[in-house]
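# Summary of structural features
So the chains spell out like this:
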Amino acid sequence: MSLLREFQEITQQVAEAISAALQIETEIVDDTMTIIAGTGKYKDRINTKEEGGEVNAGYLYGRVLTTNQPFFIEDARSDPSYDPSVLQGVTEELAELCTPIHYKGEVIGVIGLIAFTETQRRLLIHNRLPYLTFLQRMTELLTGKIAEQEAWNEWKKTFTQLETLIESIHEGIIAIDERGLISNCNKTAQQLIQKNKKELIGTPLQTIWADSPMLQVLETGVGYVEQEEIYRLGEHDMHFIVTARPIRVADRVAGVVASFRRMADMRRLAYVLTNEHKDLYFSEIIGKSRSKSLVIKQAEQVARGTSNILITGESGTGKGMIAAAIHSASNRRDGPFIIVNCGAIPEALLESELFGYVAGAFTGAKREGKAGKFELADGGTIFLDEIGDLPLHLQVKLLHILQSKQVERVGSNQLIPVNIRVISATNKNLEEMVRNREFREDLYFRLNVIPLHMPPLRERVEDIPLLMDHFLAKYRELLGHPILDFTPEVRALFMHYHWPGNVRELENAIEYAVNMEVSPYIGLDSVPVRIRQHHSVSGITGPGEADQPLKERLQRHERQILYSMLQQYGYSLEAKKLVAEKLDIGLATLYRKLEGHKLLNAEKVF
């Protein structure tokens, strides 16, 4: 498309202005010999071709385009080089004055004054020089308008591209003018502030973000990068990380533009980039026992909710696995899963690790401060393992977070809103700790909204073979050892062993055995000593036991029961009293049986 056709409306306005001023018909053609604009009969011929559409045919407009020179035809009807219609004897024009239209060094068309009457012809003859000058000025006016429109179109295109770019940015963008009024924002900003653009534009920033450092940038001209800012607008809490820069016009600060993101989103991104936590699902938790299936079913059911969960059970039963599976099955699965071992962090550091701190809160604190685990878990789940080890003075602060969903960093009085789900776990008896005033009762009820209990391995013996095969396959591949299976004696031993360390102890035992075994089958010699000694102490005889008489079998099982109880409760006098009470026998009877089975001093073996 020719340039004049792109600006046909402007070109037509110029043609009409010339005719109105000179009272002579005007025609404008482009460099393809197409009539773009005209008055009188030429108006009806707009978008048709002149001179057969041939630039090099040798006629008037073609010569103007090729020679870049103006021409004056005094007697058009007698000039065969004027137009093809002259040769056909049908031309109506008497005379014509025309000149090229220049734009950026190129001839883009021709503008002509055409006389159809003798009066108009005499005017052209007597005024051809001033009329030519007038036409040239009008071509300059036309090209100036074209340049102006092109610049406007280019600016509009650039503005649209910039606007599209700003709208496509995931960060919120907000700008204020020199008076501190909001002058622009993108859709992300509207969503984060929870106000539409019409409400924001023209509003003082102070009413949206009270005491925003952006207002200081207006005064000082000094911007800032990734600064944490917290605001509250009505019931809406805003916790952002903000970068602001001044807008300078002729060495004067004419406004400020800022980009901002939710702090929770920034932490979630940091978590995804730096955390190696693998999603764990219920289907990956091994076990088919009734007790294990029941707790998984309960966990699957409560995973969809938001209530706090307390997981109890002995050490090594898989409380952390259940917690991770609950998170993966919840609607918070895309958020962080933050694990805190309350018993592994020194008490002096536990408060700052959990709740964070501000700059200068204590000696050695980072200059920029630090977010705590609760802030890092915003939008996700925090797993507080060994919650029974949490000191009393921190229990108060944890209770406040559970009630208010707000965190107060060490050294600060500013509350930071957090959206978290708390899953806690313990191998201690929290109810007894509450009775002994070692654990706050109000906190216990806040944590124990949904209780889940992980059964010990000795109560789900049918899961042991599955776990053995799973861990054998795991460490066989990990260590590159071509072990095929366990010997029957080892399988029998593992099935009868008490497993005080539960699944964790079983896994460690198999890892040890795979490292130590040199034959294709794991035998007793490759089993850890503490477990191997159980073979002789408990009297396990292996696969030939089916041939033993009933009395011997009963004695063997009685021995196993007694040994398991001692393993569970200990060998002290108080422990033996408890064992006797559990078995509903007298203490003297218990001692007689232990003596008979040679278990009175069984603890010395370990």
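For the structure itself, consult the block above.
Residues numbered from 1 in each chain as written. Predicted model: local features only at pLDDT ≥ 70, side-chain atom pairs only at ≥ 80, totals over all residues. Heavy atoms only, no water.

## Some words on the packing of helix H13 (residues 290-303) against helix H14 (residues 319-329)
Put simply, H13 and H14 touch, their axes get as near as 8 Å, and they point 40 degrees apart. H14 is crossed by H13, and the crossing has right-handed handedness. In this structure, H13 contributes Ile296, Ala299 and Ala303 to the contact, and H14 contributes Ile322, Ile326 and Ala329. Looking at the contact of H13 with H14, its residues break down into six nonpolar, no polar and no charged. (Axes fitted to C-alpha atoms, helices over the stretch in contact; angles between N-to-C directions. Helix = DSSP H or I, 4+ residues; strand = E, 2+ residues; numbered from the N terminus. Left-handed = near helix turned anticlockwise from the far one by under 90°. Contact = heavy atoms within 4.5 Å. Nonpolar A, V, L, I, M, F, W, Y, C, P; charged D, E, K, R; others polar.)

## A short note on the side chain of Ser289
Tracing the backbone through its elements, the reader meets Ser289 in the loop between helix H12 (263-274) and H13. Under the relative-accessibility criterion, Ser289 is labelled buried at 1%. Looking at Ser289, its side chain comes within polar contact range of the side chain of Asp463, at 2.7 Å. (Buried < 20%, exposed > 50% of the residue type's maximum accessible area, 1.4 Å probe, protein only. Polar contact = N/O pair within 3.5 Å; in protein donor to acceptor, adjacent residues only side chain to side chain.)

## Examining the pattern of salt bridges
Applying the stated criterion across every chain, the model contains 25 salt bridges. Residue Arg179 is joined to Asp177 by a salt bridge in which the shortest nitrogen-to-oxygen separation is 3.2 Å. Taking the shortest distance from any N to any O, the salt bridge between Arg458 and Glu314 comes out at 2.4 Å. In this pair, Arg458 sits in the loop between strand E19 (450-453) and helix H20 (464-479) while Glu314 sits in the loop between strand E11 (309-312) and H14, placing the two residues 144 residues apart along the sequence. (Salt bridge = Lys/Arg side-chain N within 4 Å of Asp/Glu carboxyl O.)

## Quick look at helix H17 (residues 392-404)
The first and last C-alpha atoms of H17 sit 19 Å apart over 13 residues, in line with the 18 Å expected at 1.5 Å per residue. Buried residues of H17: Leu394, Gln395, Lys397, Leu398, Leu399, Ile401 and Leu402, and no others. The inward-facing, buried residues of H17 abut helix H15 (347-355), helix H16 (373-376), strand E15 (381-385), strand E16 (406-408), strand E18 (421-426) and helix H19 (441-447). Just downstream of H17, Lys405 is the residue with a positive phi angle, here 60 degrees. (Expected span 1.5 Å × (residues − 1).)

## Observations regarding the side chain of Ser352
Among the structural elements, Ser352 can be located in helix H15. Within the structure, the side chain of Ser352 is placed 3.0 Å from the backbone oxygen of Leu349, a separation counted as a polar contact.

## Structural notes on the sheet that holds E15
Spatially, E12-E15-E18-E11-E19 is the arrangement adopted by the five strands of the open sheet, whose pairing is parallel. If you trace the sheet from one side to the other, it starts and ends with strand E12 (337-341) and E19, each paired once. Averaged over all pairs of adjacent strands, the angle between their axes in this sheet comes to 20 degrees, without regard to strand direction. (Pairing = 2+ DSSP bridges.)

## Details of the sheet that holds strand E10 (residues 252-262)
Taken in spatial order, the five strands make up an open sheet running E7-E6-E10-E9-E8, and their pairing is antiparallel. The outermost strands of the open sheet, each flanked by one partner alone, are strand E7 (182-185) and strand E8 (224-233). Across the sheet, the axes of successive neighbouring strands diverge by a mean angle of 30 degrees, strand direction being ignored. With six bridges joining them, strand E6 (residues 172-177) and E10 adopt antiparallel strand pairing. Residue pairing in the sheet places Asp177 in a bridge with Gly255 of E10.

## A word on the pairing of E11
Across four bridges, the pairing between E11 and E18 is parallel. Residue pairing in the sheet places Ile309 in a bridge with Ile423 of E18. Across four bridges, E11 lies against E19 in parallel orientation. Following the sheet pairing, Ile309 is matched in E19 by Ile450.

## Points about the nonpolar core
By size, the foremost hydrophobic cluster in this structure holds 29 residues, and its most contacted members are Phe374, Ile382, Leu384, Ile387 and Phe439. Sorting the residues of this core by element identifies E12, H15, E15, H17, helix H18 (430-435) and H19 as the ones contributing at least two each. With near-sequence residues (within four places) excluded, Phe439 lies in contact with Ile387, Gly388, Leu392, Gln395, Leu430, Met433, Val434, Tyr444 and Leu447. Core analysis: the second largest hydrophobic core is formed by 28 residues, Leu22, Ala95, Leu97 and Ile146 among them. (Core = buried A, V, L, I, M, F, W, Y, C linked by side-chain atoms within 4.5 Å.)

## Thoughts on a nonpolar patch on the surface
Nonpolar side chains collect at one region of the surface, where Trp152, Trp155 and Phe159 lie side by side and expose about 350 Å² of accessible area between them. Following the sequence through the fold, Trp155 ends up in helix H7 (residues 128-168). (Patch = residues over 30% accessible without salt bridge, like charges linked within 9 Å, V, L, I, M, F, W, Y side chains within 5 Å. Areas by Shrake-Rupley, 256 points an atom, 1.4 Å probe, with all protein chains shown as cover.)

## Regarding the packing of aromatic side chains
In the structure shown here, the tally under the stated rule is twelve aromatic pairs. Both rings, one in Tyr42 and one in Phe116, keep their centres 6.0 Å apart while their planes meet at 50 degrees; by these two values the pair is tilted. Of this pair, Tyr42 sits in helix H3 (residues 41-44) while Phe116 sits in the loop between strand E5 (106-115) and helix H6 (118-126), and the two are 74 residues apart along the sequence. By relative accessible area, which is 0% here, Tyr42 ends up buried. Taking the centre distance of 6.1 Å and the plane angle of 50 degrees together, the rings of Phe486 and Phe494 count as tilted. Its relative accessible area of 1% is what places Phe494 among the buried residues. By the ring-pair criterion, three or more aromatic residues cluster together here, those being Trp209, Tyr231, Phe240 and Phe260. Here Arg63 stacks its cationic end above the ring of Phe71, 5.1 Å away from the centre of that ring. (Phe/Tyr/Trp six-rings, centres within 6.5 Å; stacked < 30°, edge-to-face > 60°. Lys NZ or Arg CZ within 6 Å of the ring centre and 35° of its normal.)

## Looking at H15
Among the residues of H15, Leu350, Ser352, Leu354 and Phe355 are the ones counted as buried. Turning to H15, the residues buried within the fold contact E12, strand E13 (356-357), H16, E15, H17 and E16. Following H15 by one or two positions, Gly356 adopts a phi angle in the positive range, close to 80 degrees.

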